[in-house]
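Below are the chains, spelled out letter by letter.
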There are 2 protein chains.
Amino acid sequence: MVEEKKNVSANGDQFSKKGAKKAAKAAKKAEQKAESAAAASAGNDGEAGDNAVDHAQGRYGLSEMIQSKDKRSERIFVTVPELVNHVDKGLVWVRGRVHTSRAKGKQCFPILRQQSSTIQCILAVNDIISKQMVKFTGNIPKESIIDIQAKPVSVPNKIESCTEQTVELCVEQVFVISQAKSQLPLQIEDASRPLNPDDAGGLNIRVNQDTRLNNRVLDLRTPANQAIFRLEAGVCRLFRDILTENGFTEIHTPKIQLPDEGGEYFFTVNYFKETAYLAVSQYIHRQMAIAADFEKVFTVGAVFRAEDSHTHRHLIEFVGLDLEMTFKYHYHEVLHTISNTLTAIFKGLRDQYSREIEAVGQQYKVEPFKFLEKPLILQFTEGIAMLREAGIETGDDEDLSLPNEKLLGRLVKAKYDTDFYILDKFPLSARPFYTMPDPDNPKYSNSFDMFMRGEEISSGAQRIHDPEYLIERAKHDAVELTKLAAYIDAFRYGCSPHAGCSIGMERVVMFYLGLNNIRKTSMFPHDPKRLMP
Amino acid sequence: MVEEKKNVSANGDQFSKKGAKKAAKAAKKAEQKAESAAAASAGNDGEAGDNAVDHAQGRYGLSEMIQSKDKRSERIFVTVPELVNHVDKGLVWVRGRVHTSRAKGKQCFPILRQQSSTIQCILAVNDIISKQMVKFTGNIPKESIIDIQAKPVSVPNKIESCTEQTVELCVEQVFVISQAKSQLPLQIEDASRPLNPDDAGGLNIRVNQDTRLNNRVLDLRTPANQAIFRLEAGVCRLFRDILTENGFTEIHTPKIQLPDEGGEYFFTVNYFKETAYLAVSQYIHRQMAIAADFEKVFTVGAVFRAEDSHTHRHLIEFVGLDLEMTFKYHYHEVLHTISNTLTAIFKGLRDQYSREIEAVGQQYKVEPFKFLEKPLILQFTEGIAMLREAGIETGDDEDLSLPNEKLLGRLVKAKYDTDFYILDKFPLSARPFYTMPDPDNPKYSNSFDMFMRGEEISSGAQRIHDPEYLIERAKHDAVELTKLAAYIDAFRYGCSPHAGCSIGMERVVMFYLGLNNIRKTSMFPHDPKRLMP
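The rules behind the values
In this numbering scheme, every chain counts its residues from 1 along its sequence in written order. Both sets of labels track the order of writing: A upward for chains, 1 upward for ligands. Only residues with pLDDT of 70 or above have their local features reported here, since the model is predicted, and side-chain atom pairs are shown and tallied only from 80 upward, although totals for entire chains, interfaces and linings are computed over all residues. Hydrogen atoms and water are omitted, and side-chain values are computed over all heavy atoms in the structure. Here a cavity means grid points, on a 1 Å grid over the protein atoms only, where a 1.4 Å probe fits yet cannot get out; a pocket means an open set of points with protein on both sides within 12 Å along at least five of seven lines; lining residues are those with an atom within 4 Å of a point. Grid points are joined across faces, edges and corners, and a volume is the space filled by probe spheres set on the points. Helix numbering and strand numbering both begin at the N terminus, where a helix is a DSSP run of H or I of at least 4 residues and a strand a DSSP run of E of at least 2. Note on contacts: a residue pair qualifies if any of its non-hydrogen atoms lie within 4.5 Å across the two residues. Joining two parts hides part of their accessible area as seen by a 1.4 Å probe, and the buried area is that hidden amount summed over both. Just to be clear on terms, a salt bridge is a Lys or Arg side-chain nitrogen sitting within 4 Å of an Asp or Glu carboxyl oxygen. N or O atoms within 3.5 Å of each other form a polar contact, as long as, within protein, one can give a hydrogen and the other can take it, and as long as residues adjacent in sequence are counted only when both atoms are side-chain atoms. The nonpolar class holds Ala, Val, Leu, Ile, Met, Phe, Trp, Tyr, Cys and Pro. Asp, Glu, Lys and Arg form the charged class, and all remaining residues, Gly among them, are polar. A least-squares superposition brings the copies together, and it is based on the C-alpha atoms of residues with pLDDT no lower than 70 in both. The domain boundaries here were taken from an automatic or database domain assignment. For the exposure calls, accessible area comes from a 1.4 Å probe over protein chains only, and a residue counts as buried if that area is under 20% of its type's maximum, exposed if over 50%, partly exposed in between. Regarding the arc, it is the one traced by the directions from the helix axis to the C-beta atoms. Note: two strands are recorded as paired if DSSP finds a minimum of 2 bridges between them.

**Structural notes on empty space enclosed by the protein**
- On inspection of all chains with the given rule, the structure shows 13 cavities of 30 Å³ or more.
- Counted as a void, the largest cavity has a volume near 440 Å³.
- Lining the largest cavity are 37 residues, with K255, G301 and A302 of chain A together with K255 and A302 of chain B sitting closest to its centre.
- When contributions to the lining of the largest cavity are tallied by element, the ones reaching two or more residues are β11 (296-304) and β12 (317-326) of chain A together with α7 (223-245), β11 (296-304) and β12 (317-326) of chain B.

**Points about the interface of chain A and chain B**
- Between chain A and chain B, the residue contacts involve 128 residues of the former and 128 residues of the latter.
- Around 11100 Å² of area is buried between chain A and chain B when both sides are counted, 60% of it from carbon and sulfur atoms.
- Linking chain A to chain B there are eight salt bridges.
- As a salt-bridge pair, D440 of chain A and K69 of chain B come within 3.1 Å of each other at their nearest N and O atoms.
- If you look at where chain A meets chain B, you find 66 residue pairs in polar contact (both at pLDDT 80 or more).
- Of the residues forming the side of chain A that touches chain B, the biggest block, 10 residues, is contributed by helix α7 (residues 223-245) of chain A.
- For the side of chain A that touches chain B, a count of residues per class yields 59 nonpolar, 28 polar and 41 charged.

**Examining the relation of the copies chain A and chain B**
- When chain A is fitted onto chain B, the two copies agree to an RMSD of 0.0 Å after a turn of 180° and an axial shift of 0.0 Å. Here the transformation between the copies is reduced to the relation of a two-fold axis. When C-alpha positions in chain A are compared against the rotation axis, the closest is assigned to V269 of chain A, at 2.3 Å.
- Looking at the interface residues of chain A, 100% of them are also at the interface in chain B, so both copies use one shared face.

**Brief notes about the domain arrangement of chain A**
- In terms of domain boundaries, chain A breaks down into domain 1 (60-178) and domain 2 (223-520).
- When each unit is reduced to the centre of its C-alpha atoms, the spacing between domain 1 of chain A and domain 2 of chain A is 48 Å.

**Regarding helix α11 (residues 380-389) of chain B**
Residue and element names in this part refer to chain B.
- Along α11, the residues that are buried comprise F380, G383, I384, M386 and L387. Along the long axis of α11, the arc covered by the buried residues comes to 160°, so they all point the same way.
- Those residues of α11 that are buried lie in contact with β13 (376-379), α12 (402-416) and β14 (420-424).
- Looking one or two residues past α11, G391 carries a phi angle of roughly 95°, positive in sign.

**Quick notes on the sheet that holds strand β14 (residues 420-424) of chain A**
All names here are of chain A.
- Strand order in the open sheet formed by eight strands is β7-β11-β12-β17-β16-β15-β14-β13, and the pairing between neighbours is mixed. Lying at the two open borders of the sheet, with one neighbouring strand each, are β7 (249-250) and β13 (376-379).
- Pairing of β14 with strand β15 (residues 447-452), which is carried by five bridges, proceeds in the antiparallel orientation. In the strand pairing of β15, I422 is matched with M450.

As structure tokens, then:
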């Protein structure tokens, strides 16, 4: 039995020495597994004893570990979504996971999965398929990867349980390429189940967040997660493409650096015999790129915060979509570029990722994200006025608390019907020393936050480009000047006025999709309690 | 004098309290500067005393710090390369740096620079321009940023010293937006000077690397540097676009993590009360993404090496262009994808960045980068045979030393006329434990390096996707298994065979352009001796 496995022992002699022994040992193990699987299937079947003739021999079994021995370029593989074009055109090869498998007498109906696509397979005992082969296939653990050779055929009735509803595969060969453990720490089916608000204490098994994250490679296989991270790639692509079209240059800024501003959120790094810090922000080097005449720059990269926050929206490490841009006379030139870029991203997602948005929506029921053609820009004072009108007491130059931030989001949504807006002219006292004060009211500053579904996704501002004034502001905020020398010097040789912002990539995806936790939009989220995986 | 400055005092009254005082103080300083500059210019001129009538008053001076007071949207700015389309069409505004300035009697000829574009300006005393204005303009320190209003006019003779050789600007207004210190730590002209090999001990001033890096914002203003980092952005863009077109998904991998393999090159990070490490490689999470069914993934991001290397090609932090991809039966499916991606990048650079390549070539004379339509793949043993033929003694399963690597590059270039090639099947002993051994010869492995101009830019391999075999190989290499649990577990629930690689982005740019030091292709290079800027 098992044609593919036989190759191992046949060629085993070619190996030599230690490595060969290991390869041979691994092959041996695979062989043993194959035998025990076959034995198990045989044992479950009263009719087929060890000596029963198996007319399907060589058409199924455990493949040896693929070590790039052969190219097998004669095998033409077809993806699941393409199979519909191969109906009644003969045999094809498909590689996929065993999503589920249902045995029924002399038949077996595995569902094969490729990413989010599923198709039903059928094996029925006949002159090609043996009872042993049906048993063997029925016993392959879920999530194992298999190669099958099969004929795509039309089905009269829609297969509701699969994404391919009009085609099924009549299997003629099955080989296990990578066998999963039979006990899974979570079931993909459970992890994929829609969260129905009516079913809060219901009978359906839920998978809690820690179990998901502890077994992230399984959790990521759900259709919603497959969609979330494809859409996330789209956010980054759109951000870069839109800015590149607008004359921006991508740059890369160092992550290990000396501290730039006083702050408690730095991770310290042992840098040879000294201490360095992980960047909590990339503004220093972005601003240096501006002083170096790159005019409009962006960078997409890791940002670190040693913040002991255990909220739904904080990570110790996230991806910043950061930009910096010169302007002629008013930082609103930059503000409009940023808000238009975000609007263009929202449009791009809506138009190019509708399938992904739908897949996420099937698990997490949320309202579609709403935005205006022309982004709404409110003054900070207008926001405060709206809050006061709603009965909230808050000071004129006080930063927004999270509850007020969220409430304001709801008020704005009710009044303007948008999930995206910008609050401009934040209190100066709430911003770092390098923020340009408002020329008309020194209590405020030329700075802004951007909000999605009522939560902050980005902070930005005009920066002070005059070195003397920067020193003055640093002193005012009691920021240690000695460590800022290189930063301040960057402005001593002529620097255009400029503004910039940092956008939290995971937050954009989270709020665009209306998810409730940033751990859902970071592929491998790390927080103060989690560094693994 | 100075219309723009006057706005300060006129509106100064609107300010209040502390912030206002500061803004007013800053404005005051600007005013004083303007006056002293004007005084200096007046002082140098016997005819124009303090009381001389200045008929250009209000048309020149130091602008107040741009604090986004006005939008001035009536001013239409034109970029230097566009000016040729505005000849004889009246006045335009241009913002740029004072590149150089030459005064000659009653005339002054500043050269205005925008990034790498330069244009000559002319101010001659007439009914619009006063002597004082000519003096003032002539005294503006180099590298200051100025706004000018001027008429673009044709010139009869080519202006050889500028990139715009057929147009000059007849200036009518000049305002200093950001004044540079009059003493620059390096001259852009010196830093831009071509390296002529005949001039090794010559008279021309050179700027050494440390001076450049200590004053990076100035150094980056040279035409070669402006070109290098625009081309570098192109490398990243092409890498991502080509892979995205080929069905890859971009992912983001955590940089702070627990150690993955035994190795001395980890930076340690204080992670709350514990110790964590900065990623020396992203393979773990890329492989997890593969096990999670993302099939083909790439990531562009920071990679850290606590390596005390002081060579021309090592940094403690660089950008990895990393990818991971499943394959059906042979890792050459991946190898071909990678080598074709690199070839497509080389073509993209050649076709889309010819101006940048030329600009770099003007400073650093190098041979154009050569590559074959179909990338050359040599076996490691073939490479060793070529070295032996050239008289080098080296063992069969010994890794390549740097001198041998470079020599082999020259031999390959001589024989195959290519600066890019791949060496396949490296000795197993030279690769990490997770590398798949060669099925035909256990001394070797399914791994490869890629070379540009004879130096390594990328390492890649088929990874072991069988958890038991992975444990066996880890034990063989004495890698601590306890810390590998999450990594190994990733393969327990079915994983496709896969391969991947990491490409050093700065090295690709360095060798493509034929530069001699990686610090030339990292915008802010950090090494064991440099964390600033």
